[in-house]
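# Architecture and fold: a report
The lines below spell out each chain.
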Amino acid sequence: MAMGAVGGPRALLRRLREVMAGPGSAQDRLDRIVRNIAANMVADVCSIYLMRAGRRLELFATEGLNPDAVHKATLRVGEGLVGTIADTALPLSLPDAQSHPKFAYLPETGEEIYHSLVGVPIIRAGRVVGVLVAQNRTMREYDEDEIDVMQTIAMVLAELVGQGDLVDPAEFSESEARRREPYTYDGVGLAEGLAMGVAVLHEPRVAVERLIAEDAQAEMNRLGVAMASLRKRIDAMLADQDMVPAGEHRDVLETYRMFAHDRGWREKIEEAIRSGLTAEAAVERVQMETRARMGQITDPYLRERLSDLEDLANRLMRHLAGKTETAAGDVLPEEAILVARSMGPAELLDYDRSRLKAVVLEEGSPTSHVAIVARGLGIPVVGGCERVLERVEPGDIAVVDGDTGQAIFRPTPEVAAAFSENLLIRVERKAEYAALRDMPATTTDGIDVKLFMNAGLTVDLPHLDETGAAGIGLFRTELQFMVSSTMPRLAAQIELYAHVLNAAGERPVIFRTLDVGGDKVLPYMVGQREENPALGWRAIRLVLDRPALLRYQLRALLIAAGGRTLSVMFPMVADVAEFRQARQILEVERRRLERMGQTLPVSIRVGTMLEVPALAYQLPALLPLVDFISVGSNDLLQFFFAADRGNPKVSGRYDLLAPSALKLLRDVCAACTAAGVSISLCGEMAGRPLEAMALIGLGFRSISMNAVSIGPVKAMLRSLDVGQCRAYIDTLIEGPDRTLRGKLESFARDHGVRI
Ligand code: PEP
Ligand code: MG
């Protein structure tokens, strides 16, 4: 007897819906369901296996097999064909099931007379909760349409299972139970601070409320409208660079577009609608299959693409539901922890800052723009939490520690209490650091160290007074360019720079010219994809090739600093000629303004970042030309070790406190000091007390860091004897240690240095 839907899949679905809504226990309904499926689909057997504790699949209902086997016959996940379907979460169809190597004969069922088998997983919330199987006596091939119908039925069954009358949901699988357990991500701390709150999805998921459609054509039309608006939105985002949230990678958008225009994807959804589902349920079903397959794929590139597809399906769902694209438009809980795959800085700024307490990202690196903006706002961020979106449920309690890079979801009461205590301690410490604000930054052996602050947005400026920073050691001008949707005009640049200088008053400010390009993509600038963006066309390289950009910026700086001192430096200089060229452009601009009678700065100090190792070997030629040097240790050491600073797989492999790195820093510092050129360091290492201790030991007397680090670093140096520290480092720096971290920690402990 052949299998095939009698009266069509929609008639069957309607019938199943009546059964589900009808009288009787859940078991009665399940029995009626298998009878209906078998009759309607002209299958000799229809059975439902459900997942029980211990990852065992139990025969829950059957039409065609021995009824005595119900609740007795079981298989482990991975065992037999049913177990294989549960394990792989993929449909299986076999004309000759018994010849399959995985076939396991269950004598109690009397299934030996059936040759062909088709089975599909029953998936709920991304997890396999059972298997639906049909069997026929004859050896026959099941076609795609039949498998589709089975999958649609499985989706309806998943709803019935989800009601919890058949199996306690905690039993569905161990992984379901695990889902409720706390889980911890050891990610990367992207912005300091500690917060506890309630998880909110940056891109909220839409819950499917109606599964079965009344009118398939109406659903098809809804899909058409939503698909068109989704495509329009993505095309607009790509075409109108204004709408691309800065930091959202163009290739992700390109992938979205590719999928959004993919006929296969749309056809699958349409097929699911034709089988009787609503448009939302159809998208969800296709997405469920994708998710199930994702579980099997290990290739990172393919996994990425599949998560792109999943994101896109979420977007389509929101278009169907007429919802906004992100949660920024919704009312946030009082203490919200935002969870996202990735995010642009402008998107972050859309949120109500009084309620947003922390951000957890699947992607992101310490230098991603969202991290930099979050630091300015004082919002802790943890990145690198791979696949967190697959596990997190909106409303989960979350603890985020941006200092250690840990994000804990559903913490146990003990962990939550420990964190609350920690939060309190940090508040106390903050008060202690605030008390240090006006104390001199002087070591116990009387050495003054200047602690400067890094900044880039106006939100950073109040920190100058709060922290008692000596000034701004690095003003990253590119941030203004990154957070605005169009290229900032000359007037806007002048306004920002003047505002910064006003806020700083007598305190010095070092402006760094645009460090864009490579991975720091401007939303409105069409970039070229590069194999190695960090080593690519960025910073000084880009602006020397496009001098108009640099000229405008230097003009803005010269005008803003009229009547005061202007300190300006250039990023990523790799050789002296580049510095000369940039300085020449500054001089041309200065003369131009002079000719126009513009008030000029009373003095102009010109320096460079030292973040390319080659420049460290050109100091004799460079030092006579510069007023100051600022070491960009983030870039310098990533190039020194050839380890991408944003890639957690390698960024932790080499230590900044390795003797080799310390020697480089020591030698640069010594050469500058001997030549009477001011030397400072403005990479992230300056803000970590232990690293800062080493830097001071190496000879640095000026360092620049994030505002939150000034208190801890000042507390450290006020308890440090530099003479002892230097002598200790000298004994170790030529030695064989891979890193001096452990030894320096012991030194600090033994000498009462507060790290
Ligand atoms: C650095 O490289 O250390 C630096 C301060 O520059 P940025 O982090 O902006 O690249
Ligand atoms: Mg840099």
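That block above? That's the structure.
Below, the structure is looked at part by part. (Residues numbered from 1 in each chain as written. Chains lettered and ligands numbered in written order. Predicted model: local features only at pLDDT ≥ 70, side-chain atom pairs only at ≥ 80, totals over all residues. Heavy atoms only, no water.)

Here the focus is the pattern of salt bridges. Tallying each qualifying case throughout the model produces 33 salt bridges. Between Arg591 and Glu587 there is a salt bridge; the shortest N-O distance is 3.3 Å. In this pair, Arg591 and Glu587 are both assigned in helix 20 (residues 576-595), four residues apart and thus about one turn of the helix distant. On the accessibility criterion, Glu587 (25% relative accessible area) is partly exposed. Among the ionic pairs, Asp730 bridges to Arg726, the shortest N-O distance being 3.7 Å. (Salt bridge = Lys/Arg side-chain N within 4 Å of Asp/Glu carboxyl O. Helix = DSSP H or I, 4+ residues; strand = E, 2+ residues; numbered from the N terminus. Buried < 20%, exposed > 50% of the residue type's maximum accessible area, 1.4 Å probe, protein only.)

Here the focus is the sheet that holds strand 9 (residues 194-201). Strand order in this open sheet of eight strands is 7-14-13-9-10-11-12-8, and the pairing throughout is mixed. Each edge of the sheet is formed by a strand with only one pairing partner; in this case those strands are strand 7 (183-186) and strand 8 (188-191). The mean angle between the axes of side-by-side strands here comes to 30 degrees, regardless of whether they run parallel or antiparallel. Strands in contact with helix 14 (residues 413-436) are strand 9, strand 13 (397-401) and strand 14 (406-409); relative to strand 9, the strand with the most contacts, it is inclined by about 125 degrees. (Pairing = 2+ DSSP bridges. Axes fitted to C-alpha atoms, helices over the stretch in contact; angles between N-to-C directions. Contact = heavy atoms within 4.5 Å.)

Within strand 2 (residues 56-63), six of the eight residues are buried, leaving the element largely enclosed by the surrounding structure. Pairing geometry for strand 1 (residues 45-52) and strand 2, over seven bridges, is antiparallel. Counterpart to Leu50 in the pairing with strand 2 is Glu58. In textbook terms, the turn of a hairpin is the stretch between consecutive antiparallel strands, and for strand 1 and strand 2 this stretch comprises three residues, one of which, Gly54, has a positive phi near 80 degrees. Here three bridges tie strand 2 to strand 3 (residues 74-76), and the two strands are oriented antiparallel to one another. Pairing of Glu58 across the sheet is with Thr74, part of strand 3.

For the rest of this paragraph, the subject is the site of ligand 1. Arg476, Arg512, Glu611, Gly632 and Asn634 are the nearest of the 14 residues found near ligand 1. Contact between ligand 1 and Arg512: an oxygen atom at 2.7 Å from a side-chain N or O atom of the residue. With respect to ligand 1, the backbone of Ser633 contributes an N or O atom lying 3.1 Å from an oxygen atom. When isolated, ligand 1 has an accessible area of 290 Å², and the protein chains bury 99% of it. The element that contributes the greatest number of residues to the shell around ligand 1 is helix 23 (residues 633-641), accounting for three residues. (Near = heavy atom within 4 Å. Polar contact = N/O pair within 3.5 Å; in protein donor to acceptor, adjacent residues only side chain to side chain. Areas by Shrake-Rupley, 256 points an atom, 1.4 Å probe, with all protein chains shown as cover.)

Compared with the 28 Å implied by 1.5 Å per residue over 20 residues, the 29 Å span of helix 20 between its first and last C-alpha is a close match. Along helix 20, the residues classified as buried are Val576, Glu578, Phe579, Ala582, Ile585, Leu586, Glu589 and Leu593. Residues of helix 20 that are buried in the fold lie against helix 18 (539-545), helix 19 (547-560), strand 18 (565-570), strand 19 (603-610), helix 21 (613-616) and helix 22 (619-622). (Expected span 1.5 Å × (residues − 1).)

Tallying each qualifying case throughout the model produces nine aromatic pairs. With a centroid separation of 5.6 Å and 80 degrees between ring planes, the pair formed by Tyr183 and Tyr185 is classed as edge-to-face. Here Tyr185 falls in the buried class, since its relative accessible area comes to 12%. Across the ring face of Tyr183, the terminal group of Arg391 is positioned such that the distance to the ring centre comes to 4.3 Å. Over the face of the ring belonging to Tyr552 we find Arg555, whose NZ or CZ atom lies 5.0 Å from the ring centre. (Phe/Tyr/Trp six-rings, centres within 6.5 Å; stacked < 30°, edge-to-face > 60°. Lys NZ or Arg CZ within 6 Å of the ring centre and 35° of its normal.)

As a further point, take the coordination of the magnesium ion (ligand 2). The magnesium ion (ligand 2) binds to the protein through Glu611 (OE) and Asp635 (OD); the donor distances cover 2.1 to 2.2 Å. Of the two residues, Glu611 sits in the loop between strand 19 and helix 21 while Asp635 sits in helix 23, which places them 24 residues apart along the sequence. In this pair, the class of Glu611 matches that of Asp635, namely buried. (Donors = N, O, S within 2.8 Å, 3.2 Å for Na, K, Ca; no water.)

The tally for this structure, following the rule as stated, stands at five cavities of 30 Å³ or more. Size it by volume and the second largest cavity reaches roughly 100 Å³. Lining the second largest cavity, in full, are Tyr49, Leu75, Gly80, Leu81, Val82, Phe103, Ala104, Leu106, Glu111, Leu117, Val133 and Gln135. Residue assignment for the lining of the second largest cavity shows that the elements contributing at least two residues are helix 3 (80-88) and strand 6 (127-136). With three residues, helix 3 is the largest single contributor of residues to the lining of the second largest cavity. (1 Å grid on protein atoms, 1.4 Å probe; cavity = no way out; pocket = protein on both sides within 12 Å on 5 of 7 lines; lining within 4 Å. Points joined across faces, edges and corners; volume = space filled by probe spheres on them.)

Quick look at the side chain of Gln638 now. You can see Gln638 is positioned in helix 23. We classify Gln638 as buried; its relative accessible area is 7%. Of note is the side chain of Gln638, whose polar atom sits 2.9 Å from the side chain of Asp635. Setting aside residues up to four positions removed in sequence, Gln638 forms contacts with Ala534, Ser633, Ala643, Asp644 and Arg645.

This part takes up the environment of Leu423. The residue Leu423 is located in helix 14 in this model. Expressed as a C-alpha distance, the spacing of Leu423 and Pro413, which sit 10 residues apart in the sequence, is 15 Å.

Closest axis-to-axis distance for the helix 26 (residues 689-698)/helix 27 (residues 707-717) pair is 9 Å, and the angle between their directions is 50 degrees. Between helix 26 and helix 27, the interaxial angle falls into the category oblique. Read as a crossing pair, helix 26 and helix 27 show a hand that is right-handed. On the side of helix 26, the interface is formed by Pro689, Ala692, Met693 and Ile696, while helix 27 contributes Pro712, Val713, Met716 and Leu717. Its residues placed into classes, the contact of helix 26 with helix 27 shows eight nonpolar, no polar and no charged. (Parallel < 35°, antiparallel > 145°, perpendicular 65-115°, else oblique. Left-handed = near helix turned anticlockwise from the far one by under 90°. Nonpolar A, V, L, I, M, F, W, Y, C, P; charged D, E, K, R; others polar.)

In this structure, Ile604 sits in strand 19. Given the relative accessible area of 23%, Ile604 is considered partly exposed. Sequence-distant contacts of Ile604, that is, excluding residues within four places in its chain, are made with Leu558, Leu566, Leu586, Arg590 and Asp627.

Checked against the element boundaries, Glu144 lands in helix 4 (residues 144-162). Among the residues examined, Glu144 registers a relative accessible area of 61% and is labelled exposed. Taking the C-alpha atoms as reference points, Glu144 and Ser93, 51 residues apart in sequence, are found 9.6 Å from one another.

A separate point is the sheet that holds strand 1. Taken together, six strands build an open sheet; the order of strands is 3-2-1-6-5-4 and the sheet is antiparallel. Looking at strand neighbours, the two that pair on one side only are strand 3 and strand 4 (92-94), the edges of this open sheet. Strand-to-strand twist in this sheet, taken as the mean axis angle between neighbours without regard to direction, amounts to 20 degrees. Taken together, the nine bridges between strand 5 (residues 116-124) and strand 6 define a ladder with antiparallel strand orientation. Bridging from a neighbouring strand, Ile123 pairs with Val128 of strand 6.

Purely geometric numbers; function is a separate question.
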